[in-house]
Amino acid sequence: TTIPSTPLCFIVVRAALGQADLPLSVLLAQLTLGAAAVLFAAFYSGRRERAGAAFAHAGAVYLPLLCVTALTAALSQGAARLPVAVWGHLADQSPNRFRLVRLVTVLAVLAIQALLVYAVPAVAAGRMRLPAALARSFRLALSQPVATYLIVAVPAVLELIPAWLARQRLAPTCIVITAP
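Residues numbered from 1 in each chain as written. Predicted model: local features only at pLDDT ≥ 70, side-chain atom pairs only at ≥ 80, totals over all residues. Heavy atoms only, no water.

*Asks:* Which parts of the structure should I look at to understand the packing of aromatic side chains?
*Replies:* Two measures describe an aromatic ring pair: the distance that separates the ring centres and the angle between the ring planes. If you walk through the whole model with that rule in mind, you get two aromatic pairs. When the centroid spacing of 4.8 Å and the interplanar angle of 50° are considered together, the rings of F40 and Y44 count as tilted. Placement of both F40 and Y44 in helix 1 (residues 8–44) is noted, with a separation of four residues, approximately one turn of the helix. Take F40 and Y44: they sit in the same class, and that class is exposed. With a centroid separation of 5.0 Å and 85° between ring planes, the pair formed by F43 and Y44 is classed as edge-to-face. Just as F43 is exposed, Y44 falls in that class too. Pairwise contacts between aromatic rings join F40, F43 and Y44 into one cluster. (Phe/Tyr/Trp six-rings, centres within 6.5 Å; stacked < 30°, edge-to-face > 60°. Helix = DSSP H or I, 4+ residues; strand = E, 2+ residues; numbered from the N terminus. Buried < 20%, exposed > 50% of the residue type's maximum accessible area, 1.4 Å probe, protein only.)

Rendered as structure tokens:
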């Protein structure tokens, strides 16, 4: 019989917190993004805004901010599943076709996110209602498509690099040493 090196209560707590990680990060991200948009807009308009006031305003428009995120997530999930549903049978035929389906999927998700990227600042800093913020985000994204797509794509690519490295086995390997 081996005795685990980590007490069981720590394993249970880590697993429980891991389950709560996504909802907590989504909920807290709305406040943070909203406050950042307010502070950014205040700085560039020459106003001084205190962080506490920015967070208070983000809290006041929290529900529309959460709706923007929910809409973005739902449409992104749909965009991620659509190419696989339509062309998934092609992905089984060859590795190149599989890569093509994955590329189309990533481009579709980034396009959805690009259309909605300006909605959070419009709600938080522009003090717009949700439908007007969504319409403005669409108009701005379509009037500046290359810049908008880069605003969304560059961070996404930077996020994907470590995952790609791990798949290529270029990332450092984790070595586990157990006691006898």
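From this point, things continue past the structure.
*Asks:* Please clarify how helix 7 (residues 145–167) should be interpreted in this entry.
*Replies:* One turn of the α-helix equals 3.6 residues, which is why residues spaced by three or four share an orientation. In this model helix 7 runs 31 Å from its N-terminal to its C-terminal C-alpha over 23 residues, within 8% of the 33 Å that 1.5 Å per residue would give. Where helix 7 is concerned, the buried positions are T148, V152, A153 and A156. Here the buried face of helix 7 lies against helix 4 (95–116) and helix 6 (130–143). (Expected span 1.5 Å × (residues − 1). Contact = heavy atoms within 4.5 Å.)

*Asks:* Could you clarify how one ought to interpret the side chain of T105 in this entry?
*Replies:* With respect to the element layout, T105 can be found in helix 4. Residue classification places T105 among the buried residues on the basis of a relative accessible area of 13%. When sequence neighbours within four positions are dropped, the list of residues in contact with T105 reads A79, A80, P83 and V84.

*Asks:* Where do I start with the packing of helix 4 against helix 7 in this structure?
*Replies:* The interhelical angle for the contact between helix 4 and helix 7, taken along N-to-C directions, is 140°, at an axis separation of 9 Å. In terms of axis orientation, helix 4 runs oblique to helix 7. Crossing of helix 4 over helix 7 shows right-handed handedness. Judged by residue contacts, R102, L107, L110, A111, Q113 and A114 of helix 4 engage T148, Y149, V152, A153, A156 and R167 from helix 7. Its residues assigned to classes, the contact of helix 4 with helix 7 shows eight nonpolar, two polar and two charged. (Axes fitted to C-alpha atoms, helices over the stretch in contact; angles between N-to-C directions. Parallel < 35°, antiparallel > 145°, perpendicular 65-115°, else oblique. Left-handed = near helix turned anticlockwise from the far one by under 90°. Nonpolar A, V, L, I, M, F, W, Y, C, P; charged D, E, K, R; others polar.)

Any functional reading would require information that these geometric values do not contain.
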